[in-house]
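Here are the chains, one letter per residue:
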Amino acid sequence: MTTHLDPELWSLIRVALHVGFFFAAAYLLRSMFDARWGTELRHLPRAKWSARVPIVLLILLFTGILVYQATWQLIGASRPHFIAFMQLHDRRELNPAHRIQRGRILDHRGEVLAYSEEILGQVYRRYPDGPAFAHVVGYSDPWFGASGMESVANVRLNGGAPDGLGDWGKLGRQLVTQDKRPRGQDLTLTLDAELQRMAFGLLEGKQGAIVLLRPDDGAIRTLVSAPSYDPNRITPALFQDSGPGAALLNRATQGLYPPGSSFKILLAALALEKGFSGTLECPADGFTTSPRYRKIRDHEYYTARNSGSAWAGYGRLDLGTAFARSSNVFFAQLGVRYGHDAFFAMTERMQLNRRIVLHETPYGAWSMRTGEIRRLDPSDQYGLAQMSIGQGAALVTPAHMALIASAVGNRGLAVRPRLIETDAPAPLAYFMSTSVAERLSAMLRQVVISGTGRGIDTPRLAIAGKTGTAENPHGASHSWFVGFAPADRPQLAVAVLVEHGGYGSATAAPIARDLLLRAVDLGLIE
């Protein structure tokens, strides 16, 4: 039979213990100091100051360590940060910190994504949707630690972010007195559970990522990475897989991929900023910067060649038409025309080669990579032409492509993505001027009306976006779609990546359309 202490009585006992301990420690130190004359070896010469100082410092050091350890034993349970530390780093089952019933993790509508359950005196963490939310919610396990929001928001979930002074110490008292199960605080995310489940289902059997966020306040409604793992069943084998199909890798925020033609959004923004208004010749035979290099051609050339016919080429194209038709020949020339400095200035302005912090606490940060754009030698014109069509040394994350689309839809201003509902929206940077964003929005809409994205045009919703088909050395091309809806007042931006999915218009674009239409049904787009 377990005997519980009265909480009020325990408070008094705790104070008495603290006072008693420090009086006893002070008395002991004073007694040792007074006794030093009786134990001094008088027949020996007195030690010199050069020898005394290190000894005194050593004594003070050990005393400090003992006192600090004593505070852990006596008042550690009343310090939420200490409890969080014990939960993360002390994996012993008898550790009382593991008795805490962590707060729930909820979506923005209040649907439960993670909760704690007590069975036979032990508390277990449960994840009702298993893998669908794993890369955001993460896991909390007494043997394997914590990841995702379970790790970054650990203090709050453990009750370590009290609403007032009256709550301070309550958690520690409940741990020691065991009068009732200590409970942490809930955490509400910006995710929409319904849309997240649908996105996860659309990637079933595939490898890829999907991100949907609100352009005006940065709230992430969907963040899916596939393949995933079940946070209810964490095993050592999960951490041993570091191959291309690794389930732990968050492809949405950490995966680097060639963007293919979706990168032409950036080049189009550069051309509009520079005031481009002419046309460029786009012959069927393609474009190269030197006879030593293979020509960059449009995919119509290869389609015709594979069917045994000939293609006459596009002839002269303006920017809008070249964007809608996704002409590689046009954009390769465009990048070379503006040169390295303008190209890399544009990528700097759009925050490439960086990490963006989405949420940060003293126990860690949740961040996303933006991409890697390797600076080329100024003489490498062919490398610049390749990067201008989203190939070569250009690599991006799906989350950042969603952010770029979001900035276009938000009149050029990128708002920092956020996952915690209570985090205030914060501007990140202007990726382009307002006038450029407005003209680019119209061009993106035209892609879906009459260009490479016309297969997803629907009378139910005006979608604007850009398809992408990215060649890679490891197999079939990656499939991309990046855009937003509705085109005239964007409420959701989207990026879909399917590894080895083939043409963006055939694989990624239909997924984006289905999700945006579902968002209408859910009231996320009005």
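In the block above lies the structure referred to throughout.
Residues numbered from 1 in each chain as written. Predicted model: local features only at pLDDT ≥ 70, side-chain atom pairs only at ≥ 80, totals over all residues. Heavy atoms only, no water.

This paragraph deals with the layout of surface pockets. Empty space within the second largest pocket amounts to approximately 700 Å³. H299, N328, T469, E471 and Y503 are the residues nearest the centre of the second largest pocket, which is lined by 28 residues in total. When residues of the lining of the second largest pocket are traced back to their parent elements, those giving at least two are α11 (299-306), α14 (381-388) and β17 (464-472). A breakdown of the residues in the lining of the second largest pocket according to their chemical character gives 5 nonpolar, 17 polar and 6 charged. (1 Å grid on protein atoms, 1.4 Å probe; cavity = no way out; pocket = protein on both sides within 12 Å on 5 of 7 lines; lining within 4 Å. Points joined across faces, edges and corners; volume = space filled by probe spheres on them. Helix = DSSP H or I, 4+ residues; strand = E, 2+ residues; numbered from the N terminus. Nonpolar A, V, L, I, M, F, W, Y, C, P; charged D, E, K, R; others polar.)

In terms of nonpolar packing, the biggest core is built from 104 residues, with L189, F330, F331, F431 and L440 touching the most fellow members. Take this core: its biggest share by element is 10 residues, from helix α13 (residues 328-349). With 28 residues, the next largest nonpolar core counts V224, L492, V498 and A509 among its residues. (Core = buried A, V, L, I, M, F, W, Y, C linked by side-chain atoms within 4.5 Å. Buried < 20%, exposed > 50% of the residue type's maximum accessible area, 1.4 Å probe, protein only.)

Our focus in this paragraph is the sheet that holds β17. Across the sheet, 5 strands lie side by side as β8-β7-β19-β18-β17; this open sheet has antiparallel pairing. Whereas interior strands pair on both sides, the edge strands pair on one side only; in this sheet they are β8 (220-226) and β17. Looking at each pair of strands side by side, their axes are set apart by 5° on average, direction ignored. Note that β17 and strand β18 (residues 475-485) share 8 bridges and pair antiparallel. Along β18, the bridge assignment pairs N472 with G475. Of the strands in this sheet, β7 (208-213), β18 and β19 (492-498) are in contact with helix α15 (residues 398-409), which crosses β19 at around 150°. Packing of helix α17 (residues 508-521) onto the sheet brings it into contact with β7, β17, β18 and β19, and relative to β19 it is tilted by some 145°. (Pairing = 2+ DSSP bridges. Axes fitted to C-alpha atoms, helices over the stretch in contact; angles between N-to-C directions. Contact = heavy atoms within 4.5 Å.)

Below, the discussion takes up the pattern of salt bridges. Scanning all chains against the criterion turns up 25 salt bridges. Across the pair E194 and R197 runs a salt bridge, and its minimum N-O distance is 3.4 Å. Of the two residues, E194 and R197 both sit in helix α8 (residues 193-202), 3 residues apart, roughly one turn of that helix. By relative accessible area, which is 25% here, R197 ends up partly exposed. Residue E194 pairs with R518 through a salt bridge whose shortest N-O separation is 3.5 Å. Highlighted residues: E194 in helix α8 and R518 in helix α17, separated in sequence by 324 residues. Of the residues examined, R518 reaches a relative accessible area of 28% and is grouped as partly exposed. Residues joined in a network through salt bridges with shared partners are E111, D129, E194, R197 and R518. (Salt bridge = Lys/Arg side-chain N within 4 Å of Asp/Glu carboxyl O.)

Our focus in this paragraph is the packing of aromatic side chains. When we look at a pair of aromatic rings, we describe it by the centre distance and by the angle of the planes. Applying the stated criterion to the full structure yields 11 aromatic pairs. For the pair F144 and F239, a centre-to-centre distance of 5.4 Å together with 20° between the ring planes defines the contact as stacked. Here the residue F144 occupies a position in the loop between β4 (140-141) and β5 (145-146), and F239 occupies one in helix α9 (residues 236-240), the gap between them amounting to 95 residues. Look at F144 and you get partly exposed, because its relative accessible area is 25%. For the ring pair Y301 and Y302, a centre distance of 5.2 Å and an interplane angle of 90° mean the geometry is edge-to-face. Y302 sits in the partly exposed class, given a relative accessible area of 24%. (Phe/Tyr/Trp six-rings, centres within 6.5 Å; stacked < 30°, edge-to-face > 60°.)

What is shown is where atoms sit, not what they do.
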